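Fold and contact review
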Amino acid sequence: MTQSDDFGFGTQIRKSPYFDATVRWGAQAFSVYNHMYIPRDFGDPEQNFWNLVNDAILCDVAVERQVEITGPDAAKFTQMLTPRDLSKMAVGQCKYILITNADGGILNDPILLRLAENHFWISLADSDILLWAQGVAVHSGLDVTIREPDVSPLQLQGPKSGDVMKALFGESIMDLKYYWLRAVELDGIPLIVSRTGWSSELGYELYLQDGSRGDDLWEKIMAAGAPFGLKPGHTSSIRRIEGGMLSYHADADINTNPYELGFDRLVNLDIEADFVGKAALRRIRDQGVSRRQVGLILHSEQLKGPNTTFWAITHDGTRVGKVTSAVYSPRLEQNIALAMVSSEHATIGATVEVAMPQGSVHAKIVERPFFDPKKKIAAA
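Residues numbered from 1 in each chain as written. Predicted model: local features only at pLDDT ≥ 70, side-chain atom pairs only at ≥ 80, totals over all residues. Heavy atoms only, no water.

What about the pairing of strand β9 (residues 119-123)?
The side chains of a regular strand alternate, residue by residue, between the two faces of the sheet. Rules: For the exposure calls, accessible area comes from a 1.4 Å probe over protein chains only, and a residue counts as buried if that area is under 20% of its type's maximum, exposed if over 50%, partly exposed in between. Each helix is a run of DSSP H or I of at least 4 residues and each strand a run of E of at least 2, with the numbering of both proceeding from the N terminus. Pairing between strands requires that DSSP locate at least two bridges from one strand to the other.
Within β9, 4 of the 5 residues are buried, which leaves the element mostly enclosed by the surrounding structure. Pairing between strand β4 (residues 66-70) and β9: 5 bridges, direction antiparallel. Looking across to β9, one finds that Q66 is bridged to S123. The hairpin formed by strand β8 (residues 111-116) and β9 contains 2 residues between the paired strands.

Take a look at the structure:
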């Protein structure tokens, strides 16, 4: 959707507390995510990528809606939603989790934050988990309250993000470890800050807890970041595909299971707790999967932007899978892609054909992620 005098999908699509600020700072187009507008264009997406990997960008990700779980049984209930073992999750810790349905399909791949012993936030990818969680709770017999709080995240990402955080919050913020959170205030603005983000770079997420202060917060961060080259930006398809990070509805959906994605580490079938999908995931693990996610190098002309449809993958004329996310990486100087391929053809080094809009091209199956596989940059 392009910019005009008014952004007009009606009131059923919500605007974030940062909406006006992003328009002031050059947002040129928006898409919809979790029933909200999200800025997707501040000019050249390649320049946005270089701003991210060389300096820092500030992104409006208020679309990462929070599902808040509180009450005496909050920890027990939260474990019901995910196959990842949460028994050792400490207060102040964050974890990347999968939320699965009874068939073992992935409903969401959010970040879970533990704010207190019986206080959790599920920071969502693009799907309606508030309704799912409330539905699961109905017959659970557990004492929990599930609601959407007034919380709107920003992402501050890139190698200079630590410098910007230090300018905002002082030296002590440097003690914040990867995948941990802290409650802070900025000139009376209440925040939860975490060392997380959807970029595979050093980064922070700032969870605003008062939507009326969105404009103030955006401007304070941009002002503090000016000496470090901070730019307004949007989540980078280039960087997230380089990092092998999933986009829900593209690389995973309700019909995708964790084992197809190589997410065995996020499934613990040995825990005593029962969770939704446990029996199905045990069955899938024992039977094995018929397809797997792989990386691809596409031997074609430089892509002008990400794919907007799933491209068929064939081998000797037989369809064996689909490209889910593809983009040109200016750093790697290659077209790179995430794809789902039948297990028998998911061999590193194998060659397949991809039906792209301009015709069929050869592609090579490779390891993913394409860059910084150990996540040394983000975790440094």
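There is more to say, and it comes next.
Comments concerning the environment of G188
Within the fold, G188 resides in the loop between β12 (181-186) and β13 (189-194). A relative accessible area of 43% means that G188 is categorised as partly exposed. Along the backbone, G188 and E272 are 84 residues apart, and their C-alpha atoms lie at a distance of 43 Å.

Considering the nonpolar core
Note the following rule: The term nonpolar core refers to a set of buried residues drawn from Ala, Val, Leu, Ile, Met, Phe, Trp, Tyr and Cys, joined through side-chain atoms within 4.5 Å. Two residues form a contact once any of their heavy atoms are found within 4.5 Å.
If you look at the biggest cluster of nonpolar residues, it comprises 31 residues, and the most contacted ones within it are F169, L191, V193, L217 and I221. At the level of elements, β2 (36-41), β3 (56-60), β11 (152-157), α5 (161-169), β12, β13, β14 (203-208) and α6 (214-225) are the ones that each hand at least two residues to this core. Ranked by the residues each element gives to this core, the list is headed by α6, at 5 residues. Contacts of L191, omitting those with residues within four sequence positions, involve F169, R182, A183, V184, L186, L206, Y207, L208, Q209 and L217. One finds A74, I99, I129 and L142 within the second-largest nonpolar core, a separate group that totals 22 residues.

Looking at helix α3 (residues 74-81)
If you check which residues of α3 are buried, you get A74, F77, T78, Q79 and L81. Here the buried face of α3 lies against β4, β6 (99-100), β8, β9, α4 (129-138) and β10 (145-147).

Describing the pattern of salt bridges
The cut-off we apply is this: For this document, the term salt bridge refers to a Lys or Arg side-chain nitrogen within 4 Å of an Asp or Glu carboxyl oxygen.
Evaluated as defined, the whole model comprises 15 salt bridges. For E242, the salt bridge is made with R331, and the minimal N-O distance between the two is 2.5 Å. One end of the pair, E242, is in helix α7 (residues 237-242); the other, R331, is in the loop between β18 (318-329) and β19 (334-342), with 89 residues separating them in the sequence. Given a relative accessible area of 25%, R331 falls into the partly exposed group. When salt bridges that share partners are traced, they join E201, R239, E242 and R331 into one network.

Description of the packing of aromatic side chains
Rules: Aromatic contacts are taken between Phe, Tyr and Trp rings whose centres are within 6.5 Å, Trp giving its six-membered ring; a plane angle under 30 degrees counts as stacked, one over 60 as edge-to-face, and the others as tilted. For a ring to carry a charge above it, either NZ of a lysine or CZ of an arginine must fall within 6 Å of the ring centroid while also lying within 35 degrees of the normal to the ring plane.
Tallying each qualifying case throughout the model produces 7 aromatic pairs. Ring centres of Y178 and Y179 lie 4.9 Å apart, and the angle between their planes is 85°; on these two criteria the pair is classed as edge-to-face. Three or more aromatic residues link up through ring pairs in this structure, and these residues are F19, F30 and Y37. When the ring centre of Y204 is taken as origin, the NZ or CZ atom of R195, which lies over that ring, is 5.9 Å away. Its end group placed over the ring of F310, K322 keeps NZ or CZ at 4.3 Å from the ring centre.

Examining the side chain of D60
Selection rule: Positive charge is attributed to Lys and Arg, negative charge to Asp and Glu, and no charge count is given to His or to the chain ends. Whenever a nitrogen or oxygen atom comes within 3.5 Å of another N or O atom, the pair is scored as a polar contact, on the condition that within protein one atom can donate a hydrogen and the other can accept it, and that pairs from neighbouring residues in sequence are kept only if both atoms are in side chains.
As for its placement among the helices and strands, D60 is situated in strand β3. Although D60 lies buried, it forms no salt bridge, and the closest oppositely charged side chain, R65, sits 7.7 Å away as judged by the N-O distance. Looking at D60, its side chain comes within polar contact range of the side chain of S16, at 2.7 Å. In contact with D60, not counting residues within four places along its chain, are S16, Y18, F19, T22, I38, P39, P153, L154 and W218.

On their own, these measurements won't tell you what the molecule is for.
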